[in-house]
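Chains, contacts and geometry: an overview
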Amino acid sequence: MNASTHALTDPAPSRLWIKDPLAVFTANGLDARGGLVVADGRISELVPAGGAPAQPCQEVFDAGRHVLLPGLVNTHHHFYQTLTRAWAPVADAPLFPWLKNLYPVWARLTPEDLELAVEVALAELLLSGCTTAADHHYLFPAGLQEAIDVEVAVVRRMGMRATLTRGSMSLGEDDGGLPPRSTVQRADAILADSERVIRAYHEPGDGALVQIALAPCSPFSVTTEIMAESAALAERHDVRLHTHLAETLDEEEFCRQRFGLRTVDYLESVGWLGDRTWLGHGIHFDGAEIARLGAAGTAVAHCPTSNMRLASGTARVLELEDAGVPVGLGVDGSASNDASNMILEARQALYLQRLRYGAQVPVERALGWATRGSAAALGRSDLGQLAPGLQADLALFTLDELRFSGSHDPLAALLLCGADRADRVMVGGRWRVVDGAIPGLDVPALAARHSAAARRLVAGA
Ligand SMILES: [Zn+2]
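Residues numbered from 1 in each chain as written. Predicted model: local features only at pLDDT ≥ 70, side-chain atom pairs only at ≥ 80, totals over all residues.

In the annotation of an unreviewed UniProt entry, the protein is listed under the name 8-oxoguanine deaminase and assigned to Zhihengliuella alba.

What follows is the structure, encoded as structure tokens:
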């Protein structure tokens with residue numbers, strides 16, 4: 001049903017030395033200035049400055065033009081929203097009216113639309129240096145009950161890693177929620193499908209390509225019953241939990257009025273205040289709430305572009321991290337970013353957090369959120385750093401474009417000059433981006449089909 005199936009690139013040779021990069025960020029202080037060795041899909045050793053691999057390598061990739069990073073990890077997205085980017089009726093709206101205008105459009109989403117949207121989002125992410133992406137999918141209108149199955153198929157075809165969340169909405173307008181009736185499901189249908197997709201697709205442990213998490217959408221679109229029962233189901237199957245929380249002051253007011261609670265109290269009341277949970281946004285917390293989240297090990301997906309686009313507020317990222325909260329980055333859905341570019345998101349995070357805390361926030365800290373922090377938010381200790389034994393998920397950028405001319409520190413140049421495209425990306429030892437392109441993917445053809453689907457969706461045809 002899709003013409004752009006990708007020929008998988010050849011498997012890496014048994015030992016590949018990615019040699020002497022122009023600069024390297026390991027996310028952990030280890031020395032890999034001489035590069036690293038990839039074997040059997042993992043990083044087998046780091047090579048210090050001026051060094052050579054301990055064992056012979058059958059192949060050498062000269063990385064003298066490349067800045068080497070761990071593959072970037074995206075912790076919050078809504079892939080389907082690539083079909084409603086820059087839509088005029090919500091181009092200037094804050095969250096609640098933005099959602100209310102978009103829900104009826106999204107309610108028309110078909111499996112074919114979703115497949116195109118996922119492929120576009122993953123291709124954008126991959127080309128920006130992202131190797132693992134979380135998607136929060138909470139739309140299951142009539143005809144789209146198998147949305148997660150559609151997503152899994154595209155992820156596998158692209159050869160990336162993903163945490164696909166079985167999202168949900170169960171609190172319709174007529175019950176005091178925000179979404180229209182046509183977009184919400186009954187609790188028993190949500191829980192049965194959640195269990196089905198966990199059993200069908202969740203890979204536990206190191207090296208997983210597809211993981212499933214459970215993700216009731218937000219306090220104003222699900223019942224407390226779904227929150228509590230999703231937490232119990234996640235515990236039974238040892239999968240993670242995700243939701244939007246503390247994104248806007250409107251949401252905080254909703255929680256006060258409906259539950260008589262602030263957001264973190266609400267989270268605790270439904271059994272979610274723990275280290276299984278990562279939260280989208282996490283902006284409007286007070287100091288005591290930040291301390292409670294840190295003590296619980298609850299993670300936050302910081303989404304700076306979306307937060308600026310919708311004027312939602314500025315997350316207190318340094319205070320969250322200092323309190324012990326794992327913080328990762330998310331591009332958020334493409335109706336509120338409206339791009340899916342992880343390296344640009346690291347730049348946005350750096351600048352937004354400098355605006356809050358001052359110009360001393362280092363470039364490396366932002367790169368840390370996009371890699372190690374994001375991996376921690378998704379519960380992945382096998383990703384997000386360059387270290388022996390970890391998965392060989394790598395992003396390599398060149399500084400050949402005009403925007404980098406005259407730059408001095410290659411690592412700083414990535415963010416300060418605005419790198420937006422990786423030259424090479426490896427997932428589990430296989431090259432998925434070569435010379436700035438995805439082998440086998442016809443981008444113009446994909447964009448043409450996707451754009452046509454987007455026009456049909458908005459027109460309601
Ligand atoms: Zn979101």
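**Some details on the UniProt feature "domain: Amidohydrolase-related" (unreviewed entry) in the protein**
Filter applied, for reference: UniProt positions are given in the numbering used here, feature names are shortened, and annotations may be inferred rather than shown by experiment. The numbering of helices and of strands both runs from the N terminus, where a helix is a DSSP run of H or I of at least 4 residues and a strand a run of E of at least 2.
This chain's UniProt record puts "domain: Amidohydrolase-related" (unreviewed entry) on residues 67–431. Along residues 67–431 one finds 41% helix and 16% strand; the C-alpha atoms at either end are 16 Å apart.

**Remarks on the sheet that holds strand β4 (residues 42–47)**
Inclusion rule: At least two DSSP bridges between two strands are required for those strands to pair. Inter-axis angles, ranging from 0 to 180 degrees, are taken between N-to-C directions of lines fitted to C-alpha atoms, where helices are fitted over the stretch in contact.
Here we have four strands laid out as an open sheet, ordered β4-β3-β1-β5, and mixed in their pairing. This sheet does not close on itself; its edge strands, each paired only once, are β4 and β5 (59–62). Ignoring strand direction, the axes of neighbouring strands in this sheet form an average angle of 20°. As paired strands, strand β3 (residues 35–39) and β4 are joined by five bridges and run antiparallel to one another. The partner of G35 across the bridge, within β4, is V47.

**Overview of the sheet that holds strand β16 (residues 424–427)**
Two strands in a sheet stick together by hydrogen bonds in their backbones, pointing the same way (parallel) or opposite ways (antiparallel). Pairing is mixed in the open sheet, where five strands are placed in the order β2-β6-β15-β16-β17. Here the strands that pair on one side only, and so sit at the sheet edges, are β2 (23–24) and β17 (430–433). Direction of pairing for strand β6 (residues 66–70) relative to strand β15 (residues 394–398): antiparallel, over a ladder of five bridges. From the neighbouring strand, V67 faces β15, where its bridge partner is F397.

**Observations concerning helix α12 (residues 363–377)**
Heads up, the rule is: For a helix, the expected span equals 1.5 Å multiplied by the number of residues minus one. Residues with at least 20 neighbouring C-beta atoms inside 10 Å of their own are called buried, those with 12 or fewer are called exposed, and the rest are partly exposed, where every C-beta is derived from the backbone.
Given a rise of 1.5 Å per residue, 15 residues ought to cover 21 Å, and the 20 Å separating the end C-alpha atoms of α12 matches this to within 8%. Taking burial as the measure, the 15 residues of α12 include twelve buried ones, the bulk of the element. Backbone geometry just after α12 places G379 at a positive phi near 75°.

**Overview of the environment of A117**
Applicable threshold: Any pair of residues counts as being in contact when their C-beta atoms, constructed from backbone geometry, are within 7 Å of one another.
Summarising the element assignment, A117 is placed in helix α2 (residues 111–127). Look at A117 and you get buried, because 27 C-beta atoms sit within 10 Å. Residues A117 and N341 lie 224 residues apart in sequence; the distance between their C-alpha atoms is 15 Å. Excluding residues within four positions of it along the chain, A117 makes contact with F79, Y80, T82, L83 and H450.

**Quick look at the nonpolar core**
Note the following rule: Throughout this description, the term nonpolar core refers to a group of buried Ala, Val, Leu, Ile, Met, Phe, Trp, Tyr and Cys residues whose C-beta atoms join them within 7 Å.
Ranked by internal contacts, the top residues of the largest apolar core, which has 145 residues, are L36, A117, L122, L126, V300, A346 and A370. Take this core: its biggest share by element is eleven residues, from α2. If near-sequence neighbours (up to four positions away) are discounted, L122 is found in contact with A133, V154, V155, M158 and M160.

**Some remarks on helix α6 (residues 249–259)**
Given 3.6 residues per turn, any residue in an α-helix points the same way as the ones three and four places further on. Spelled out, the test is: When we speak of the arc, we mean the arc of directions from the helix axis to the C-beta atoms.
If you check which residues of α6 are buried, you get E251, E252, F254 and C255. In an axial view of α6, the angular spread of the buried residues amounts to 160°, which keeps them on one side of the axis. Residues of α6 that are exposed and point more than 90 degrees away from the buried face comprise E253 and Q257. Lining the buried residues of α6 we find α7 (263–269). Positive phi appears at G260, one or two residues downstream of α6, with a value of about 70°.

**Here we look at the packing of helix α4 (residues 187–201) against helix α5 (residues 224–237)**
Here is the rule: Here is the rule for angles: anything less than 35 degrees is roughly parallel, anything more than 145 is roughly antiparallel, 65 through 115 is roughly perpendicular, and the remaining ranges are oblique. Helix crossings fall into two classes, left-handed where the near helix is turned counterclockwise from the far one by less than a right angle and right-handed where it is turned clockwise. Throughout, the ten residues Ala, Val, Leu, Ile, Met, Phe, Trp, Tyr, Cys and Pro are labelled nonpolar, Asp, Glu, Lys and Arg are labelled charged, and all others, Gly among them, are labelled polar.
Two numbers describe how α4 lies on α5: the axes approach to 11 Å, and their chain directions differ by 20°. The angle between the axes of α4 and α5 places the two elements in the roughly parallel class. Pair α4 / α5 crosses with right-handed handedness. Within the contact between the two elements, α4 uses A187, I190, L191, S194, E195 and I198 and α5 uses E225, I226, E229, S230, L233 and H237. Looking at the contact of α4 with α5 residue by residue, the class counts come to six nonpolar, three polar and three charged.

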